[in-house]
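Below are the chains, spelled out letter by letter.
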Amino acid sequence: MNYPIDKIIIIQRYFRKYIHQRYIPIEKSSNQTKEWRKKQEWYNNGKSNECEKYQINLLEKIIGQRLDKTNERINIETYVMSDKRNPMINADGFEWTENFDGKIKQDDKIIRFNLKMVCDNGGAQTRTLREVYHFIQCQLEYILQNNSTNEYFVNVLDGGTSHKNMDKFIYLLNKEQYINIKKYLFIGDLHDFQIKSKLFI
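To keep things clear, this report deals only with the structure shown in the data block. Quantities reported herein were computed from a predicted structural model and do not represent experimental measurements.

Reading the values: rules and limits
- Residues numbered from 1 in each chain as written.
- Predicted model: local features only at pLDDT ≥ 70, side-chain atom pairs only at ≥ 80, totals over all residues.
- Heavy atoms only, no water.
- Buried < 20%, exposed > 50% of the residue type's maximum accessible area, 1.4 Å probe, protein only.
- Helix = DSSP H or I, 4+ residues; strand = E, 2+ residues; numbered from the N terminus.
- Arc of directions from axis to C-beta.
- Contact = heavy atoms within 4.5 Å.
- Salt bridge = Lys/Arg side-chain N within 4 Å of Asp/Glu carboxyl O.
- Phe/Tyr/Trp six-rings, centres within 6.5 Å; stacked < 30°, edge-to-face > 60°.
- Lys, Arg positive; Asp, Glu negative; His and termini not counted.
- Polar contact = N/O pair within 3.5 Å; in protein donor to acceptor, adjacent residues only side chain to side chain.

Observations regarding helix α6 (residues 166-173)
Looking only at α6, the buried set comprises Met-166, Phe-169, Leu-172 and Leu-173. Along the axis of α6, the buried residues cluster in a sector spanning 115°; they form a single face. Buried residues along α6 sit against α4 (123-146), β5 (151-158), α5 (160-164) and β6 (185-188).

So, in structure tokens, the structure goes:
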């Protein structure tokens, strides 16, 4: 039996809602220590992108949709979004943020994802989180400067060290110039995103 395409779309939407309602056990970032990560079956040695793969796997279960790969980045001077596979081949390479780890489209929404897991303490981890801070600030400026109302940014910051530094990101979100647009942006761990995902997806 052939079903009309509009009915198939409706069925898919109900299926997504069903997935959203399912609870997936996810460890809170406050408990994700270096030792915790080493004990996980999916963890190898930290050099195989396994943390990102772990996050993507859970994200796709939460949202009921596969993430599309993207090379989109934001220019830190102009706040223009552009698809750049390898910005470092050009002289202005340092003026582009890192690329987003994935994106999805739902109806008229575009949702971009930035994923990090920082469990260790130290200078390298502090520098990583500082770069994330500046990346998120660029996201806020992009929304502000482009008057964007259909684009959303989800920043999943897992790991105990991310949790310890979450106050810096909350401080950024609560700056006066961002108060009216912070609803377009999420910062938190996967545990929190599962609870709040309906606000974005």
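Observations regarding the pattern of salt bridges
If you walk through the whole model with that rule in mind, you get seven salt bridges. Among the charged side chains, a network of salt bridges with common partners joins Glu-72, Lys-103, Arg-112 and Glu-151.

Some words on the packing of aromatic side chains
Counted under the stated rule, the structure contains 10 aromatic pairs. Between Phe-100 and Phe-135, the ring centres sit 4.9 Å apart and the planes meet at 45°, which makes this aromatic pair tilted. With a gap of 35 residues between them, Phe-100 in the loop between β2 (81-83) and β3 (102-106) and Phe-135 in helix α4 connect regions that are remote in the sequence. Residue Phe-100 shares its accessibility class with Phe-135, and that shared class is buried. Judged by centre distance (6.0 Å) and plane angle (85°), the rings of Tyr-142 and Phe-153 are edge-to-face. Of this pair, Tyr-142 sits in helix α4 while Phe-153 sits in strand β5; the two residues are 11 residues apart in sequence, bridging distant segments of the chain. Judged on exposure class, the residue Tyr-142 and its partner Phe-153 are both buried. Members of the aromatic cluster, joined through ring pairs, are Trp-36, Trp-42, Tyr-43 and Tyr-54.

A few points about unusual backbone geometry
A positive phi angle is found at Asp-107, which is not glycine, with a value near 55°. Judged by its relative accessible area of 69%, Asp-107 is exposed. Positive phi, close to 50°, is recorded for Asn-147, a residue that is not glycine. If you trace the backbone, Asn-147 turns up in the loop between α4 and β5. By relative accessible area, Asn-147 is classed as exposed at 64%.

Considering the environment of Thr-128
For Thr-128, the position within the fold is in helix α4. Judged by its relative accessible area of 30%, Thr-128 is partly exposed. Thr-128 sits 34 residues away from Ser-162 along the chain, and the two C-alpha atoms are 9.9 Å apart. Beyond its immediate stretch of four places on either side in the chain, Thr-128 contacts Lys-116 and Val-118.

Describing the side chain of Asp-189
Inspection of the secondary structure assignment puts Asp-189 in the loop between β6 and α7 (190-196). For the buried Asp-189, no salt bridge is present, and the opposite-charge side chain at shortest range is Lys-28, 7.8 Å distant. In this structure the side chain of Asp-189 is engaged in a polar contact, spanning 2.9 Å, whose partner is the side chain of Ser-29. When residues no more than four places from it in sequence are discounted, the contact partners of Asp-189 are Lys-28, Ser-29, Val-156, Leu-157 and Asp-158.

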